[in-house]
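What follows is each chain in one-letter form.
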Amino acid sequence: MHATPTIRAVPSTGYEELLSYLSALMRDSGRNGQPHFTANRDRDVYDKPFNDRIRARLALPLQRRGWIRLWIAVDGDETLGHVDLRASDRTADAHRVLLGLGIAKAHRGRGLGRALTQYAIDWARTNGHDWVDLNVFAVNAQAVALYRSLGFVQTGFHADRFRIDGDSVDEISMALDLRT
Ligand SMILES: CC(C)(COP(=O)(O)OP(=O)(O)OC[C@H]1O[C@@H](n2cnc3c(N)ncnc32)[C@H](O)[C@@H]1OP(=O)(O)O)[C@@H](O)C(=O)NCCC(=O)NCCS
């Protein structure tokens, strides 16, 4: 199915509602037939100080460095997937945003990852950003294929970036140039 999903922004006050979705998504990384896709699998997603920092960044206006914007694809009350964009804390790279993405396992392969990524790209362009950056594990072939098909090009290769469960994980950096 490649229906257009309902995508909505998550306000700073709504972040807590995502935690069970994020917990299930992250716990699966490198397990149950999934490639490693995050270095944060074993982080406590319910950690309050961490989440307070995320909420504070979600609440920042775009004029302030360090902002985060987060969108989810929903079906009623169910979160199907998410995409986020992050600004660094510097002004020198205020023309760039960093993308993160995830789709609930039961809802993969139906176009949601593509739709959410395209949504974030369109938002970045509309809001005057020139580049969308991301980091993806080389072993995560589906994600790499998705990003390539949307025009991202490889900008870096970080061999042995992480070691997870004894596996050496290479990381690829990719970027999409929005200036053309
Ligand atoms: C990677 C991920 C986001 C893809 O989301 P998705 O909703 O399943 O992807 P889509 O259905 O939109 O497919 C988009 C593209 O991904 C690739 N893709 C998806 N499923 C694939 C599969 N089983 N095999 C190969 N490529 C695949 C294809 O290029 C596909 O293009 P198409 O639409 O022309 O077929 C999803 O698998 C996921 O959440 N994985 C775990 C978290 C993760 O890896 N996040 C990214 C970290 S950088």
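The paragraphs below set out a description of the structure included in this document. Since the model is a prediction, treat every value here as computed from it, not as a measurement.

### Regarding the site of the ligand
Phe37, Arg108, Gly113, Arg114 and Leu146 are the nearest of the 18 residues found near the ligand. Elements with a contribution of two residues or more to the shell around the ligand: β4 (96-103), α3 (112-126) and α4 (141-149). If you tally residues by element for the shell around the ligand, the top one is α4, at 5 residues. Split into classes, the residues belonging to the shell around the ligand amount to 8 nonpolar, 7 polar and 3 charged.

### Things to note about α3
An ideal rise of 1.5 Å per residue puts 21 Å on 15 residues; α3 measures up with 21 Å between its terminal C-alpha atoms. Of all the residues in α3, the buried ones are Leu112, Gly113, Leu116, Thr117, Ala120, Ile121 and Ala124. Down the axis of α3, the smallest arc covering the buried residues is 170°, so these residues share one side. Across α3 from its buried face, at more than 90 degrees, point the exposed residues Asp122 and Thr126. Of the residues flanking the end of α3, it is Gly128, one or two places downstream, whose phi is positive at about 85°.

Conventions we followed
Residues numbered from 1 in each chain as written. Predicted model: local features only at pLDDT ≥ 70, side-chain atom pairs only at ≥ 80, totals over all residues. Near = placed C-beta within 6 Å. Helix = DSSP H or I, 4+ residues; strand = E, 2+ residues; numbered from the N terminus. Nonpolar A, V, L, I, M, F, W, Y, C, P; charged D, E, K, R; others polar. Expected span 1.5 Å × (residues − 1). Buried ≥ 20, exposed ≤ 12 C-beta atoms within 10 Å, placed from the backbone. Arc of directions from axis to C-beta.

Distances and angles like these do not, on their own, reveal function.
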